[in-house]
Amino acid sequence: MEDFVVIGKIADTYGLDQELKVLAYLPPKEWKRIKKVYFKKRGGDYVPFELERLKLHGERWVLIKIKGVQSQEDAVRFLGAKVFLPKENLPKRKKDEYYFFELEGLEVKSQEGKRLGRVHRVFSDKDRVYLEIEGGKVIIPFIKEFVLEVKPEQGYLVINSLLEELF
């Protein structure tokens, strides 16, 4: 049984060639080697689609043309769909780099080992990645001065004890 990861979301159709505009959760440059993506309907199976063409479109967007999508009606049916890849097909990470899904759900501990909460969500803006702890009560920039250790295999990360007063 393959594990799948969301790598983007279809936001709109684009142009006369029935391209799909994708909000990329994976850095757009990492999409260049992708040949097949998967969509999933609620309660259904993951359905593979081969990419006919892919173009980078700014810093957060990718345009994809799916084989077999010939009309505007074909393209429109994908609006709002999430785009998936099997975990084993994700690009390899460098040391000390993490996918968002690897951080979400991790327990947050102080340097002394005190449990402070859980990473509820990971999000980014143009310059930085943030960890939202326990439903938005605390948001921490994901930088080495604040996040000292990340141990996804053990299910936790360690933050600088100076941040403990936020909890």
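Our subject is the structure that appears above.
As the structure is a computational prediction, the values presented were derived from the model and not from experiment. (Residues numbered from 1 in each chain as written. Predicted model: local features only at pLDDT ≥ 70, side-chain atom pairs only at ≥ 80, totals over all residues. Heavy atoms only, no water.)

A. Fine view of the nonpolar core. Counting 24 residues, the largest nonpolar core has Ile 10, Trp 31, Phe 39 and Ile 64 as the members making the most contacts within it. Listed by contribution, the elements that provide at least two residues to this core are β1 (4–14), β2 (19–24), β3 (36–40), β4 (46–56), β5 (61–66) and β6 (82–86). Not counting the four nearest positions on each side in its chain, Phe 39 is found in contact with Ile 10, Asp 45, Tyr 46, Val 47, Phe 49, Ile 66, Phe 78, Ala 81, Lys 82, Val 83 and Phe 84. Grouped together as the second largest cluster of nonpolar side chains are 15 residues, Val 119, Leu 131, Val 138 and Leu 163 included. (Core = buried A, V, L, I, M, F, W, Y, C linked by side-chain atoms within 4.5 Å. Buried < 20%, exposed > 50% of the residue type's maximum accessible area, 1.4 Å probe, protein only. Helix = DSSP H or I, 4+ residues; strand = E, 2+ residues; numbered from the N terminus. Contact = heavy atoms within 4.5 Å.)

B. Structural detail: the side chain of Lys 65. Assignment of secondary structure puts Lys 65 in strand β5. The buried charged residue Lys 65 lacks any salt bridge partner; its closest oppositely charged side chain belongs to Glu 52, at an N-O distance of 4.7 Å. Polar contacts involving the side chain of Lys 65 include one to the main-chain carbonyl oxygen of Asp 17, which spans 3.3 Å. Residue contacts for Lys 65: discarding those within four places in its chain leaves Asp 17, Gln 18, Glu 19, Glu 50, Leu 51, Glu 52 and Arg 53. (Lys, Arg positive; Asp, Glu negative; His and termini not counted. Salt bridge = Lys/Arg side-chain N within 4 Å of Asp/Glu carboxyl O. Polar contact = N/O pair within 3.5 Å; in protein donor to acceptor, adjacent residues only side chain to side chain.)

C. Region of the structure containing the environment of Phe 4. For Phe 4, the location among the structural elements is in strand β1. Setting aside anything within four residues of it in sequence, one finds Phe 4 in contact with Tyr 38, Tyr 46, Phe 84, Leu 85, Pro 86 and Lys 87.

D. Quick peek at the side chain of Ser 110. For Ser 110, the location among the structural elements is in the loop between β7 (107–109) and β8 (115–124). In contact with Ser 110, not counting residues within four places along its chain, are Leu 116, Val 158, Ile 159, Ser 161 and Glu 164.

E. Molecular detail of the environment of Glu 132. Here Glu 132 lies in strand β9 (residues 129–133). Through-space distance from the C-alpha of Glu 132 to that of Val 119 is 5.8 Å; in sequence the pair is 13 residues apart.

F. Quick look at the packing of aromatic side chains. Per the counting criterion, the structure on display carries 9 aromatic pairs. On the basis of an interplanar angle of 90° and a centroid distance of 5.3 Å, the ring pair of Phe 49 and Phe 78 is categorised as edge-to-face. With Phe 49 in strand β4 and Phe 78 in the loop between α1 (72–76) and β6, this pair connects stretches of sequence that are 29 residues apart. Under the relative-accessibility criterion, Phe 78 is labelled buried at 4%. Ring geometry for Phe 123 and Tyr 130: centres 5.4 Å apart, planes at 25°, overall stacked. Taking relative accessible area as the criterion, Tyr 130 reaches 19% and is therefore assigned buried. These aromatic residues form a ring-pair network of at least three members: Phe 4, Tyr 38, Tyr 46 and Phe 84. We note Lys 21 situated over the ring of Trp 61; from NZ or CZ to the ring centre the distance is 4.8 Å. Between Lys 40 and the ring centre of Tyr 46, over which it is positioned, the NZ or CZ distance is 5.5 Å. (Phe/Tyr/Trp six-rings, centres within 6.5 Å; stacked < 30°, edge-to-face > 60°. Lys NZ or Arg CZ within 6 Å of the ring centre and 35° of its normal.)

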